[in-house]
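The chain contents come next:
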Amino acid sequence: MILYHGSTHKVERPDLSKCPVNTDFGKGFYTTTSKEQAIKWARLKQQRAGKGYAVVSTYEIDDKLLEQTNDFEIMQFNGADSAWLDFVFANRRGLAVKKYGLVFGPVANDRLFATITLYEQGILSAAAAIEQLKSYLLFDQVSFNLQELLNQLKFVEAERV
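Definitions and cut-offs
- Residues numbered from 1 in each chain as written.
- Predicted model: local features only at pLDDT ≥ 70, side-chain atom pairs only at ≥ 80, totals over all residues.
- Heavy atoms only, no water.
- Helix = DSSP H or I, 4+ residues; strand = E, 2+ residues; numbered from the N terminus.
- Rg over C-alpha atoms; globule rule 2.2 N^0.38 Å.
- Buried < 20%, exposed > 50% of the residue type's maximum accessible area, 1.4 Å probe, protein only.
- Areas by Shrake-Rupley, 256 points an atom, 1.4 Å probe, with all protein chains shown as cover.
- Lys, Arg positive; Asp, Glu negative; His and termini not counted.
- Charge placed at Lys NZ, Arg CZ, Asp CG, Glu CD.
- Salt bridge = Lys/Arg side-chain N within 4 Å of Asp/Glu carboxyl O.
- Core = buried A, V, L, I, M, F, W, Y, C linked by side-chain atoms within 4.5 Å.
- Contact = heavy atoms within 4.5 Å.

**Q** Go over the overall build of the chain, please, and point to the residues and values.
**A** When you go through the chain residue by residue, the secondary structure sums to five helices and seven strands. Whereas a compact globule of 161 residues would reach a radius of gyration of roughly 15 Å, the chain reaches 16 Å, a difference of no more than 12%. With the C-alpha coordinates of the chain rotated into their principal frame, the extents come out at 45 × 40 × 25 Å. Counting all 161 residues of the chain, 45% fall into the buried class. Accessible area of the chain: about 8,800 Å², with a carbon and sulfur share of 49%. Considering the chain, the positive charge centre built from 19 side chains and the negative charge centre built from 19 side chains are found 8 Å apart.

**Q** Could you give me a rundown of the pattern of salt bridges, with the residues and numbers involved?
**A** Under the criterion given, the structure shown has six salt bridges. Residue Lys-10 pairs with Glu-12 through a salt bridge whose shortest N-O separation is 3.5 Å. Between Arg-92 and Asp-24 there is a salt bridge whose closest N-O contact spans 2.6 Å. Taken together, the residues span a long stretch of sequence, with Arg-92 in helix α2 (residues 82-93) and Asp-24 in the loop between β1 (2-7) and β2 (29-31) at a distance of 68 residues. The two residues Arg-92 and Asp-24 agree in class, both being buried.

**Q** Explain the nonpolar core residue by residue, including any values.
**A** Core analysis: the biggest nonpolar cluster contains 18 residues, and Phe-29, Ile-61, Leu-102, Phe-144 and Leu-153 have the highest contact counts within it. Secondary structure elements with two or more residues in this core: β5 (102-106), β6 (140-144) and α5 (147-150). If sequence neighbours within four positions are ignored, Ile-61 has contacts with Met-1, Leu-3, Leu-66, Phe-144, Gln-152 and Leu-153. One finds Phe-25, Tyr-30, Val-103 and Leu-124 within the second-largest nonpolar core, a separate group that totals 16 residues.

Okay, structure coming up:
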């Protein structure tokens, strides 16, 4: 499988200790199967930083690592449903949630983030938030939450975008 990561610099060797906490799927190194999404992330990060470059790093990973037959647990969300919403909400709030080695699911981009914020504030019910989320085009993200799994990513290249 090919995965992409958007940043302000080349990331040849991802390091979990440098990853932020309180993100959608917990502290992890976030990738996507969509180069288009990685380009958007890279440009957004560069814009927020006000310096550096928009860079997409590309990786390969053995598909077998991404199967449930390994020694670590995998969580996979197939869409923006109530389980996904609760998981993202809890992680962003830093609440205690079960930790997984890998987490797959939709990206909570800026449009989704606004809906989630309304849900967090109690303005939208879970059902109303999920109904709104269904109307958005959702890209995927894959979060590597264990360093031993990050070490399995094979760096292919980095390109300025």
